[in-house]
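Each chain, letter by letter, is given below.
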Amino acid sequence: MATSPGQRRNWGLPALRCIEGWRNMVYKKFSFGISLRIVGIVLALFLAIWLYLSQDLYLAPFLLVMLTAFLTGEMIYFVNSINQKLARFLDSIRFADFSSSFTTDSKMGASFREVNTAFNEVMDVFKQTRAEKEEQMLFLQVIIQHINTGIISFNSEGNIGVINNAAKHLLQIPQFRNISDLGRLSPQLLEEVMGIKPGQRLSFRVNPSIHLIIQSTSIKMGGQSWTLLSFQNINAELQSNELEAWQNLTKVLRHEIMNSITPISSLVESLRTILDEDSYVQKEGMLIKKDGFQDIQEGLDTIANRSKGLVNFVNAYRDYTNIPAPKKEQVSVKGLFETVLGLMKEDLKGLHVEVQTQVIPEDLTVLCDPDLISMILINLVKNAAESLQTQADRQVCLRAVGQGDLGIQIQVEDHGPGIVPEALERIFVPFYTTKKTGSGIGLAISRQIMNLHRGSLSVESIPGEKTVFSLNFR
């Protein structure tokens, strides 16, 4: 298995300790060997000069000079041998080649045998450490290849680093070598992926059978910047949720229609009976008793009201299913708040509710459709204001905070009665409402608008303390 520079630089604490011990030992042995040879050379030269000058001898000084030359050559050989072994050892580390070994050198004495032994011990530590690293890498690769989520990594040039079997099976792109190859599946998907920021989440429907959730993160490795993408096909989950949603919608439609049709049908039969029993024929035409006439009036009023309610319900359903695509632009959040409060000025005054605004930083802007987002804020502020009618402190907080790479969050907070946990789970369900006069689609439409903005709408509530609705823009 190939070893990257990053791996070669990180062999672990055991290897570092072994190198430290080897360095100290070799330094001591080398210093002692050089010092001993220098002392021998100096003594031989001194003795040769002394014998030649003081004793007037020739042969002994000549032999001592020859001994000095031998010691000098032996010292050079000693230094070169150490350097050669050291260079060979360092090359082994540099190129991560730990197959070589250093044999016991009997000609150079015990110091060289100890140096060779130290080299071999360090090489063994490196072998063991590399084996452990390779085992960990193999383990991670096996995990990556066996998970159901598709994984792709690519560098700043777009070259693929890692791609697992799940990604290959999901994307069905042969010879996936560069992230630009993703354009063969969908050019728009490639454009969306290249524009996604680290930490963001992207939803994209490729075809009727593939609906991808894509998440991105960035890492630095080996001096390069890498982008890691995870792909997950949620088409089956969406189909299941869609089926459940249609079943719930059918129940709601059945409930609302039956609530309107049943009394209308009953009233029609009753009115028919009244006409048969309370009317009689005269020369001038048909006459009806006063009581019967009043009953018919009341019945017709009831039919009109129920019919109107059914029409309103159908209109509400139409509004929920016909939200226009957002026309996004950079909007000043402060200006957005001022517009919303300007539109609600009279309503808030009538409800005796004060709204406090907070924008951090003050020049914060958000990419959105101002008309659609204003509609959400008006709905949320209105709900908050109405929930405060039984409270002494009638104050709503409208705040926005920039969170850097995490996006922008706008919150509507009130300290009213809160929302009970049972209702909290259902308040975004279409046509579900806790208010007597509510249609139950305001929050459902608001969440759908945020989904169209690739954001989210969430709520947190502590009954009796506070309720906070959060609009999260990525």
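Look up: the structure comes first, before these words.
Notes on the structure follow. (Residues numbered from 1 in each chain as written. Predicted model: local features only at pLDDT ≥ 70, side-chain atom pairs only at ≥ 80, totals over all residues. Heavy atoms only, no water.)

### Describing the overall build of the chain
From N to C terminus, the chain includes 13 helices and 14 strands. The long-range share in the chain, meaning contacts at least 24 apart out of those at least 6 apart in sequence, stands at 59%. (Helix = DSSP H or I, 4+ residues; strand = E, 2+ residues; numbered from the N terminus. Contact = heavy atoms within 4.5 Å.)

### Digging into the pattern of salt bridges
According to the stated counting rule, one finds three salt bridges in the structure shown. Arg184 is the partner of Asp181 in a salt bridge, and the nearest nitrogen-oxygen pair spans 3.6 Å. Owing to a relative accessible area of 52%, Arg184 belongs among the exposed residues under this scheme. Its salt-bridge partner being Glu192, residue Arg454 comes within 2.7 Å of it at the nearest N-O pair. (Salt bridge = Lys/Arg side-chain N within 4 Å of Asp/Glu carboxyl O. Buried < 20%, exposed > 50% of the residue type's maximum accessible area, 1.4 Å probe, protein only.)

### Details of the nonpolar core
As a rule of thumb, soluble globular proteins bury nonpolar side chains together. Counting residues in each nonpolar core, the largest one holds 43 residues, and the members touching the most others are Ile373, Leu377, Leu471 and Phe473. Here the element with the most residues in this core is helix α11 (residues 370–387); it accounts for eight residues. In contact with Ile373, other than residues within four places in its own chain, are Leu336, Cys368, Ile449, Met450, His453, Leu471 and Phe473. (Core = buried A, V, L, I, M, F, W, Y, C linked by side-chain atoms within 4.5 Å.)

### Concerning the sheet that holds strand β5 (residues 224–233)
If you walk across this open sheet you meet the five strands as β2-β1-β5-β4-β3, and the pairing is antiparallel. At either end of the open sheet lies a strand with only one pairing partner, and these are β2 (160–163) and β3 (201–207). In this sheet, neighbouring strand axes are inclined to one another by 25 degrees on average, regardless of whether the strands run parallel or antiparallel. When strand β1 (residues 150–155) meets β2, the two strands line up antiparallel, connected through three bridges. Residue pairing across strands places Ser153 opposite Val162, the latter belonging to β2. Lying on the sheet, helix α6 (residues 187–195) is in contact with β3, β4 (210–221) and β5; it crosses β3 at an angle near 175 degrees. (Pairing = 2+ DSSP bridges. Axes fitted to C-alpha atoms, helices over the stretch in contact; angles between N-to-C directions.)

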